[in-house]
Structures are given as C-alpha cells and as structure tokens.
Amino acid sequence: PTHTLLLLPGDGIGPEVMAEVEKVLAWLGANGPAAFEVTRGLVGGCAIDAHGVPVSDADMAKAEAADAVLLGAVGGPKWDGVPYEIRPEAGLLRLRKDLGLFANLRPAICHAALADASSLKRELVEGLDILIVRELTGGVYFGEPKQIVDLGNGQKRGIDTQVYDTYEIERIARVAFELARLRSGRVVSSEKRNVMMSGVLWHQTVSALHARHYPEVQLRHELADALGMKLVQAPKQFDVIVTDNLFGDMLSDVAAMLTGSLGMLPSASLGEADPVTKRRKALYEPVHGSAPDIAGRGIANPLAMLGSLAMALRYSFDMGAEADRLERAIAQALAEGHRTADIARPGEPTVSTSAMGDAVLAALAA
Ligand code: NAI
Ligand code: MG
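The model shown is predicted, which means the values in this text are computed figures rather than measured ones.

### Comments concerning the site of ligand 1
- Not every one of the 20 residues close to ligand 1 is listed here, only the nearest: E89, G289, A291, D293 and N301.
- With respect to ligand 1, the backbone of G76 contributes an N or O atom lying 3.1 Å from an oxygen atom.
- Taking S290, its main chain carries an N or O atom lying 3.1 Å from an oxygen atom of ligand 1.
- For ligand 1, whose accessible area on its own is 810 Å², the fraction buried by protein is 67%.

### Some words on the pairing of strand β4 (residues 103-109)
- Counting buried positions along β4 yields 6 of 7 residues, so the element is predominantly enclosed.
- Here β4 runs beside strand β5 (residues 129-135); their pairing, made up of 7 bridges, is antiparallel. Bridge pairing in β5 links N104 to R134.

### A closer look at the domain arrangement of the protein
- Structurally, the protein comprises domain 1 (1-107 + 264-366) and domain 2 (119-259).
- If you average the C-alpha positions of domain 1 and of domain 2, the two centres end up 25 Å apart.
- Listed by partner, the interface residues are 13 residues for domain 1 and 17 residues for domain 2.
- Across the interface of domain 1 and domain 2, roughly 1400 Å² is buried in total on both sides, 61% from carbon and sulfur atoms.
- Contact with domain 2 buries surface across domain 1, with F102, N104 and R106 losing the most and accounting together for 46% of the total.
- We note a salt bridge from E272 to R171, for which the minimum N-O separation is 3.0 Å.
- Applying the counting criterion to the domain 1 and domain 2 interface returns 6 residue pairs in polar contact (both at pLDDT 80 or more).
- Breaking the side of domain 1 that touches domain 2 down by element, the ones donating at least two residues are β4 and β11 (266-273).
- Residue composition of the side of domain 1 that touches domain 2, by class: 7 nonpolar, 2 polar and 4 charged.

Basis of the calculations
Residues numbered from 1 in each chain as written. Chains lettered and ligands numbered in written order. Predicted model: local features only at pLDDT ≥ 70, side-chain atom pairs only at ≥ 80, totals over all residues. Heavy atoms only, no water. Near = heavy atom within 4 Å. Polar contact = N/O pair within 3.5 Å; in protein donor to acceptor, adjacent residues only side chain to side chain. Areas by Shrake-Rupley, 256 points an atom, 1.4 Å probe, with all protein chains shown as cover. Buried < 20%, exposed > 50% of the residue type's maximum accessible area, 1.4 Å probe, protein only. Helix = DSSP H or I, 4+ residues; strand = E, 2+ residues; numbered from the N terminus. Pairing = 2+ DSSP bridges. Domains from an automatic or database assignment. Contact = heavy atoms within 4.5 Å. Buried area = accessible area lost by both parts, 1.4 Å probe. Salt bridge = Lys/Arg side-chain N within 4 Å of Asp/Glu carboxyl O. Nonpolar A, V, L, I, M, F, W, Y, C, P; charged D, E, K, R; others polar.

As structure tokens, then:
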C-alpha cells in the first residue's frame, strides 16, 4: 500500500526535528512493507510570511486529502505582533477544527534511562506507560454563552459554559475503549459528577457504552481531583485515562512532568472514523513548541517528533509492528547513552539533533 502523508514543519525547531522524520520515512519506505507519498506545506509563522495567513486554503486541502498530517511546531517572537485572527496558533486551531479532531492522545512514557529527570522518584515512574485520551473539541473551552457581562454597578461577570452532548462523550469513550483493547485492557474515566451535571452525563454515558459494547475492558471511574492526586502518588496503576477537554488539559500536563522532558512527548489528534474505510483524519505533533531559544542551532531533541511518527504508523497506517520497532529504536538510542542537551545531566556529553536521529536510524536498522 501507499500512504499519503502531509508534512508541516512549521517554525523554530519544527523544521529541524522534521528533518529527522524525513530520514526515518526514507528508511521505512526502503525497508518496510509500505510506500509513503510525502507532500509538504506551510503552517504558522512561515505561512504568514509566504501567504499572509497561518495556513492557506491550498494546504488545508492537502491536509484533508492526506491519510495523516505530521506537524512540527508553530510560533515565535517574530510573529508576536500579528493580528490575533492570523496569529501562528490560528493555523493549528484551523487544522484541528476543520479536520474534526476531537480525540487528543497523549502518551506519557518514562524510559528507564531518563527516570531521574522525572519530578518524582525513580521507583514511582520507571517503566511508566500511560495514555491520556482527552476530548478536544467540546466542553468549557467552546460552550456558549462565553462572555464578559457588564453588571453596571462596577462589577463584571465572566461566563464560560461546560456543555457535553451524549454523542461527544460516546465517541471519545469509544476511542479510549478501543485503544485499551490494544493495550492492557484497562480504562479510567474521569469527571466531577459530584458537582457538575456534565459530569453526571459523562459518567452515565461511559458506563452505558461500556456495558453495551466493551464489557471485556476493565472500567473504573475517578473524580478528576482525586485522579490528579493519584497520578502523582502512584502513577503506574493507570493505563488509558479518558477525560474531558479541561481536565484532560491539566492532567496531561501533570502526566508530562512525570516523564521529565518536554522534548520526549508525542501526541496524536484523531477525527471521526469513516463508516466504510474506518479511516480517521489525524494530526500528529510533538507536545513542545517552536523553542525559539534554541532554534537554528541544531541541538533540539527530535524524539518527540519521531515518537509522533510512530503514533502515525500505529493509528493511521495500521503499521503497529513498525511503530513498536521505531519506539524500541528510540528507547535503544537512549539506553546507548545518546543525549540531546535537554535530557543530558550536567556534565554529560551531548549530541546534535541530527546525530540523535542517526542513532535512532542505526537502532532501527540493527
Ligand atoms: P516551547 O515548548 O517551545 O519551549 C519550552 C522550553 O522547552 C524551551 O526552553 C525550549 O528550548 C525547550 N524545548 C522545547 N522543545 C524542545 C526540544 N524538542 N528539544 C529541546 N528543548 C526543547 O514553549 P514556549 O517557549 O512556551 O513557546 C515557544 C513558542 O512556541 C511560542 O511562540 C509558543 O506560542 C509556541 N508554541 C507552539 C506550540 C505548538 O506548535 N503546538 C505549543 C506550545 C508553544
Ligand atoms: Mg495545555
């Protein structure tokens, strides 16, 4: 088969880490079971410079047509002054919105070689492998009314509205249950049903879907505040966690710090499955930003970007074996002691972005 892939390197270190993806894709194309048809486009500041908008209609059309989109990072001080509607992040938001990417997957994996970089003690995090499934297009970030009202007496009122419909909860829960089947078979669903009606509906809907379609998956419910506590207290008890947009935003940042480094964290955002082909629109990107402080020096850590490619192999291309192989190669490069500056201990020798990519390639080929 031939898989089509749109690469959007973006700004700052985006193009530097994307170059390592191109190396691995070339290797996989030559040595793997599938061919890749790669197209390229612009997003963020570089698109503003070229087209006056953070993503052009032509590149949006390429994104719609591709089997998967891989994005580096967007933004930087150069574009701090551009109007709000065309700021670099607006390109990323348009991609997420127009592609209908409602499911945000953020794995938090703690490699033994890096366990000392975690905010927690080694024994609590070594071997950690959590997948947070966050609802991305609903909830309090989007619900209406959303406004500041002038009350007239010198007081103002800020209003946000948490809204979830059954279908939104069902489709994100389905993603979590299906991913759990490929992993440990355990899901924790999280909300605050003790104080929120949307939480009551969330709990009911997830429970009903579970009973009807996924009885073999082990489901547990945790209130979001308690879950935050347990993530820090004993994170290894968790496998797949499914939660709403707001709680998912916070809990995934907490989980990120359990692993120690921003340069290590990949993510995927998935859309609705096509009823016939079962294909989902999908965007894969590292969690980190464009890192203007180190851009242009060839020292960025490419592992979050390469981990995002592994997720694309697994979730968009049905290449689970190759995804496992790439993730093992990443772990191997770390185990051999290769360190970019962000994950090196003081005094430890460091390698460049490209040397780290080469180390992963060598492990892949071995
Ligand atoms: P950042 O993630 O770009 O950087 C935070 C710190 O982590 C910096 O010290 C940076 O050098 C380091 N870092 C990040 N990724 C790294 C990597 N792969 N290797 C080594 N070190 C790495 O976040 P920051 O500084 O808040 O934002 C910088 C720019 O990126 C801003 O314009 C922001 O709007 C944008 N941004 C874009 C995102 C995206 O494209 N999804 C996400 C977050 C921020
Ligand atoms: Mg966040």
